[in-house]
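Commentary on secondary and tertiary structure
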Amino acid sequence: PDVITVGDLANRMAVRGVDIIKFLMRQGMMMKINDVIDSDTAELVADEYGMSVRRVSESDIETGFLAEADDADATTPRAPVVAVMGHVDHGKTSLLDALRTTDVAAAEAGGITQHIGAYQVRLKDGQRVTFLDTPGHAAFSAMRARGANVTDIVILVVAADDGVMPQTVEAIQHAKAAGAPLIVAVNKIDKPDANPQKVVNELLQHEVIAESLGGDTQVIEVSAKARTNLDGLLDAILLQAEVMDLRANPDRSAEGVVIEAKLDKGRGPVGTVLVKRGTLRRGDIVVAGSAWGKVRALLDERNAQLEEAGPAMPVEILGLDEPPSPGEVFAVVDSEARARELTEYRHRVKREKTQAAGGAVSLADMMAKL
Ligand code: GTP
Ligand code: MG
C-alpha cells in the first residue's frame, strides 16, 4: 500500500504540518510529523484543502517503466545490441578495440575515444551494431534481476590456445538465462598452439553446437591481434540480427537502461544509458531510478554532442541530480512535477529499506565488537 509521512504530505501540499496534525486529531487520529499515513488518509487531508491525491502505482516505483511496455508499435528496424563475454584474458577487450576500428566514423574522427560502457559501430553500408563493454559487471546482473535485459546477442570469446574455461561456461549460462543467442568467436588463431577444433568439441559438452556439427551456433575464427576475420564476425552478427528481426518504435518518448554512471568533477552526475525504445532528446525530463533531471547534453563515445538518440543508441547524459545505478531503467516523463513525484517515492522506498536493513547491520556490528 502507498504510504506517506505527515511531514512529506504537508511539504507537497505546501501547508503547515501542524495544521494537518490538528485536522487529523479532529478526525480522531493522533499523529506526529514523521508518522506514516496511508493513501486513504492522505486523500482525506487533501480533500480538506480542496486538493487531490494522485497515487503512484507500485509498479512505477519498483520496476520502473519497462515492464509495462507494449512493443506492438515496434515496427522500425534497429541495430542489434551485442555483449562480448568470455574467460579472463581470452581477448574480450582486444576484440572490442579491434571491432571499434572497423567503425567508418572512428577512422574519420581519428582521435581519442573515451571509454563509455557502450558504443555503436557504423559499418560501410550504413548498418549499425551496438557493443556493450565491460560485460559481466554489475549492470548486467542488475538488469537481469529487473527483467530489463538489453542484450540481443552474446559474443562468446574463447581463446583457441586455452579452450573452454570456467568463465566461458558462466557466460554460456548467462546467455541461456537471458535467452540471447550465442555467436562464438574463437580468438587468438594466430598463435602457433591454437586449436579451434578442440574449442568446438569442448563447447559441445555444454550444449553449444557449432553449425559445422549440425547445430545452430555460428563459430567464427578470429584474431583480434592480427585483425583476422573481423568482417566474418561482423557478418555473423548481422546475419543473426536479421534472423531476429529486431525492431523498435522511435516515435515515442524514450525508455531504456542505465549501463553505468559516475560523478564527474567538472560535469556532475553522468549516466551512460542505452535507449531501448523511443527517441531521447536534449531538454527531455528524465527519471532514472531515483535520479532525475533535464537532459543538458547528449554525448556519444567520442564526446560529440548529439541532438537526439534513437533505439539501440548508447549515450552519455548530463543534467541528472545524482548518478543513477547501473541496471536501472530510465524513462522520459512529461513534467518536472511527475519526475519529482516518482523520485521522491523511490527515495523514500530506498530510505525505508536501508533503515530496515541498517538497524540489523549496526546491531550485528555492535555484537561483533563486543
Ligand atoms: P580481461 O578483461 O582481463 O578478462 O581480459 P580480456 O578477455 O579482455 O583479454 P585482453 O583483450 O586484455 O587480452 C589478453 C591478452 O591476450 C593480451 O595480452 C592480448 O594482447 C592478448 N590477445 C588478445 N587477442 C589476441 C589475439 O588474437 N592473438 C594473440 N596472440 N594475443 C591476443
Ligand atoms: Mg578486458
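Per an unreviewed UniProt entry, the chain is named Translation initiation factor IF-2, and its organism is Brevundimonas balnearis.

**Some words on the nonpolar core**
One finds Leu95, Leu99, Phe131, Ile155, Ile183, Leu233 and Ile237 to be the most contacted residues of the largest nonpolar core, which totals 27 residues. Contributions of two or more residues to this core are made by β4 (81-86), α5 (92-100), β5 (118-122), β6 (128-132), β7 (153-159), β8 (182-187) and α10 (230-244). At seven residues, the largest contribution of residues to this core is made by α10.

**Some points on the site of ligand 1**
Taken together, 15 residues form the shell around ligand 1, and within it Lys92, Thr93, Ser94, Lys188 and Asp190 come nearest. Here an oxygen atom of ligand 1 sits 3.3 Å away from a polar atom, N or O, in the main chain of His90. Contact between ligand 1 and Gly91: an oxygen atom at 3.0 Å from a main-chain N or O atom of the residue. If ligand 1 stood free it would expose 650 Å²; the protein chains cover 69% of that surface. With three residues, the top contributor of residues to the shell around ligand 1 is α5. Within the shell around ligand 1, the residues separate by chemical class into two nonpolar, seven polar and six charged.

**Description of the sheet that holds β4**
Taken together, the six strands give an open sheet; going across it, the order is β5-β6-β4-β7-β8-β9, and neighbouring strands pair in mixed fashion. Here the strands that pair on one side only, and so sit at the sheet edges, are β5 and β9 (218-221). Going across the sheet, the axis of each strand differs from the next one's by a mean of 25°, ignoring polarity. Bridge analysis of β7 against β8 gives six bridges, and the strand direction is parallel. Note that in β8 the partner of Val158 across the bridge is Val186. Contacts between α5 and the sheet are confined to β4, β5, β6, β7 and β8, with β5 contributing the most and set at about 40° to the helix.

**Focus: unusual backbone geometry**
At Lys188, a position not held by glycine, the phi torsion is positive, near 65°. As for its position among the elements, Lys188 is in the loop between β8 and α9 (196-204). Residue Lys188 is classed as partly exposed on the basis of its relative accessible area, which comes to 21%. The backbone of Asp245 shows a phi angle near 50°, a positive value even though the residue is not glycine. Assignment of secondary structure puts Asp245 in the loop between α10 and β10 (247-248).

**Re the packing of helix α1 (residues 6-13) against helix α2 (residues 17-26)**
Where α1 meets α2, the axes come as close as 9 Å, and the angle between the chain directions of the two elements is 120°. With respect to α2, the axis of α1 lies oblique. Viewed along their axes, α1 and α2 form a crossing whose handedness is right-handed. For the pair α1 and α2, the contacting residues are Val6, Leu9, Ala10 and Met13 in the first and Gly17, Ile20, Ile21 and Leu24 in the second.

**Considering a nonpolar patch on the surface**
A grouping of Leu204, Ile209 and Leu213 is seen on the molecular surface, where their side chains present a nonpolar patch of about 220 Å² in accessible area. By the element assignment, Leu213 lies in the loop between α9 and β9. Using a relative accessible area of 39% as the deciding quantity, one classes Leu213 as partly exposed.

**Observations concerning α1**
Here α1 has its buried residues at Val6, Gly7, Leu9, Ala10 and Met13. Taken around the axis of α1, the buried residues stretch over an arc of 165°, which confines them to a single face. A positive backbone phi angle near 55° is found at Ala14, which sits one or two residues after α1.

**Description of the packing of aromatic side chains**
For the structure on display, the rule yields one aromatic pair. Measuring from ring centre to ring centre gives 5.8 Å for Tyr119 and Phe131, while their planes differ by 40°; the resulting arrangement is tilted. On the criterion of sequence distance, the pair formed by Tyr119 in strand β5 and Phe131 in strand β6 is long-range, its members being 12 residues apart. Like Phe131, Tyr119 is buried. For the cation-ring pair, Arg100 lies above Tyr119, with the distance from its terminal atom to the ring centre recorded as 4.0 Å. The ring of Tyr345 has Arg348 sitting right over it, with the charged end atom 5.0 Å from the ring centre.

**What about the confidence of the model for the chain?**
Overall, the predicted model of the chain reaches an average pLDDT of 83, with 81% of residues at or above 70. Below pLDDT 50 for its whole length, residues 104-114 participates in 16 contacts with residues either more than four positions away or in separate chains. Below a pLDDT of 50 lies the segment residues 359-370, which in the model reaches one contact outside its immediate sequence neighbourhood of four places, other chains included. Note on the complex model: pTM 0.76, ipTM 0.99.

Cut-offs applied
Residues numbered from 1 in each chain as written. Chains lettered and ligands numbered in written order. Predicted model: local features only at pLDDT ≥ 70, side-chain atom pairs only at ≥ 80, totals over all residues. Heavy atoms only, no water. Core = buried A, V, L, I, M, F, W, Y, C linked by side-chain atoms within 4.5 Å. Buried < 20%, exposed > 50% of the residue type's maximum accessible area, 1.4 Å probe, protein only. Helix = DSSP H or I, 4+ residues; strand = E, 2+ residues; numbered from the N terminus. Near = heavy atom within 4 Å. Polar contact = N/O pair within 3.5 Å; in protein donor to acceptor, adjacent residues only side chain to side chain. Areas by Shrake-Rupley, 256 points an atom, 1.4 Å probe, with all protein chains shown as cover. Nonpolar A, V, L, I, M, F, W, Y, C, P; charged D, E, K, R; others polar. Pairing = 2+ DSSP bridges. Axes fitted to C-alpha atoms, helices over the stretch in contact; angles between N-to-C directions. Contact = heavy atoms within 4.5 Å. Parallel < 35°, antiparallel > 145°, perpendicular 65-115°, else oblique. Left-handed = near helix turned anticlockwise from the far one by under 90°. Patch = residues over 30% accessible without salt bridge, like charges linked within 9 Å, V, L, I, M, F, W, Y side chains within 5 Å. Salt bridge = Lys/Arg side-chain N within 4 Å of Asp/Glu carboxyl O. Arc of directions from axis to C-beta. Phe/Tyr/Trp six-rings, centres within 6.5 Å; stacked < 30°, edge-to-face > 60°. Lys NZ or Arg CZ within 6 Å of the ring centre and 35° of its normal. pLDDT = per-residue confidence, 0-100.

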